Amino acid sequence: MIRVFAIWVLCASAAAAQDWPALADVTGVSPDDVLNVRAAPSGDAPIVGALVHDARWVEVTASDGNWGRVNLAEGAGWAHLGYLAVQPGGTFPDAEQFRCFGTEPFWSIDVTPEGPALMTTPDGPYLAMEAGALRLTEGRFGPHGVWMGGAEVQGALTVRREECSDGMSDRAYGLGAQLMLGGQTSRLLSGCCTLQME
């Protein structure tokens with residue numbers, strides 16, 4: 001009993017110390033089983049979805065005790081963090097890529113710090129820029145920002161840890177964004193971000 005309690009305390013401490021959002025892999029689940037995703041952070045809560053036994057790059061956007069919030073097709077739920085191993089380099093701001101997006105108007109931008117930044121909107125045009133390094137605001141804990149430039153457009157994207165909704169689904173994200181564009185296209189947009197791996 002003491003050993004089980006000690007393991008529980010260690011899991012709770014690790015979850016509390018983790019910065020979210022983060023990309024994780026499902027671990028410790030039998031190949032003939034799934035990791036249940038529940039409506040609330042409790043083993044008694046109804047099951048609302050599942051993650052396959054070898055799911056990778058699952059984005060955990062928040063935690064509540066030993067439970068991590070993950071997104072499903074049209075909503076969010078809670079999976080036990082004991083079965084989710086955070087990937088090395090899979091936390092913000094260290095993740096290789098991130099996608100920011102918004103609705104009304106619809107837009108998205110895929111950003112690889114010190115690499116390409118590719119923006120799309122339903123009405124076009126497709127905008128290609130080069131992104132600089134992702135930098136932390138001087139003298140602060142956030143937000144982070146990245147400068148981007150291209151032949152036809154330049155921009156600045158700020159990203160901060162915060163609860164964010166896309167306004168179209170019940171998904172919940174752990175990063176909010178503001179995108180300011182100048183040049184031939186001048187716009188100020190806001191939305192959410194999600195972490196990605198190349």
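Residues numbered from 1 in each chain as written. Predicted model: local features only at pLDDT ≥ 70, side-chain atom pairs only at ≥ 80, totals over all residues. Heavy atoms only, no water.

Tell me about the overall build of the protein chain, residues and numbers included.
For the protein chain, the count of helices and strands is 1 helix and 16 strands. Against the globule reference of 16 Å for 198 residues, the protein chain gives a C-alpha radius of gyration of 18 Å, in line with a compact fold. Among the 198 residues that make up the protein chain, the fraction classed as buried is 41%. Once local pairs closer than 6 in sequence are excluded, the contacts in the protein chain between residues at least 24 apart make up 50%. By element, 54% of the accessible surface of the protein chain is carried by carbon and sulfur atoms, the whole surface being about 10,900 Å². (Helix = DSSP H or I, 4+ residues; strand = E, 2+ residues; numbered from the N terminus. Rg over C-alpha atoms; globule rule 2.2 N^0.38 Å. Buried < 20%, exposed > 50% of the residue type's maximum accessible area, 1.4 Å probe, protein only. Contact = heavy atoms within 4.5 Å. Areas by Shrake-Rupley, 256 points an atom, 1.4 Å probe, with all protein chains shown as cover.)

Can you tell me about unusual backbone geometry, naming the residues and giving the values?
With an omega dihedral of 5°, the bond running from W20 to P21 counts as a cis peptide bond. Between F92 and P93 the backbone carries a cis peptide bond, its omega angle lying at 15°. In this structure, W57 takes a positive phi of about 55° despite not being glycine. Mapped onto the fold, W57 is located in the loop between strand 3 (47-52) and strand 4 (58-64). Judged by its relative accessible area of 42%, W57 falls in the partly exposed class. You will see that E104, though not glycine, has its phi angle at about 50°, which is positive. Examined against the element boundaries, E104 turns out to sit in the loop between strand 8 (97-102) and strand 9 (107-111).

Give a description of the confidence of the model for the protein chain that names residues and reports values.
A residue-level look at the protein chain finds 90% of positions with pLDDT of 70 or above and a mean pLDDT of 89. Looking over the protein chain, one finds the lowest element-wise mean pLDDT in helix 1 (residues 2-17), namely 40, and the highest in strand 2 (residues 34-38), namely 98. Note that pLDDT drops below 50 for residues 1-16; the model gives that stretch 7 contacts with residues more than four away or on any other chain. (pLDDT = per-residue confidence, 0-100.)

Any details on the pairing of strand 14 (residues 153-164)? Residues and values, ideally.
Of the pairings in the sheet, the one linking strand 13 (residues 144-149) to strand 14 comprises 6 bridges and is antiparallel in character. Of the residues in strand 14, the one forming a bridge with H144 is V159. In this structure, the hairpin formed by strand 13 and strand 14 is closed by a connection of 3 residues. In this sheet, strand 15 (residues 173-183) lies alongside strand 14 in antiparallel orientation, the contact comprising 10 bridges. (Pairing = 2+ DSSP bridges.)

How would you explain the pattern of salt bridges if you had to name every residue and give the values?
Two side chains carrying opposite charge are able to pair once their charged atoms lie near each other. Applying the stated criterion across every chain, the model contains 3 salt bridges. Of the charged contacts, one joins R56 and D25 as a salt bridge, the two residues approaching to 3.8 Å between their closest N and O atoms. Of this pair, R56 sits in the loop between strand 3 and strand 4 while D25 sits in strand 1 (residues 22-26), and the two are 31 residues apart along the sequence. The partner of D110 in a salt bridge is R99, with the nearest N and O atoms 2.6 Å apart. Residue D110 is located in strand 9, and its partner R99 is located in strand 8; the two are separated by 11 residues in the primary sequence. (Salt bridge = Lys/Arg side-chain N within 4 Å of Asp/Glu carboxyl O.)

Give me the state of the cysteines: which residues, what numbers.
Using the criterion set out here, one finds 2 disulfides in the structure. Two residues, C100 and C193, share a disulfide whose sulfurs are 2.0 Å apart. For the disulfide bridge between C100 and C193, the dihedral angle about the S-S bond is near 95°, and by the sign convention the bridge is right-handed. Remark: C193 occurs in strand 16 (residues 187-196) and C100 occurs in strand 8; sequence separation between them is 93 residues. Judged by relative accessible area, C193 falls into the buried class, the value being 1%. Through a disulfide, C164 is tied to C192; the S-S separation comes to 1.9 Å. In this structure, the disulfide formed by C164 and C192 twists by about -85° around the S-S bond and is classed as left-handed. Taken together, the residues span a long stretch of sequence, with C164 in strand 14 and C192 in strand 16 at a distance of 28 residues. With a relative accessible area of 12%, C164 lands in the buried category. Counting only the cysteines that take part in disulfides, in the order they occur along the protein chain, gives the pairing 1-4, 2-3. (Disulfide = S-S within 2.5 Å.)

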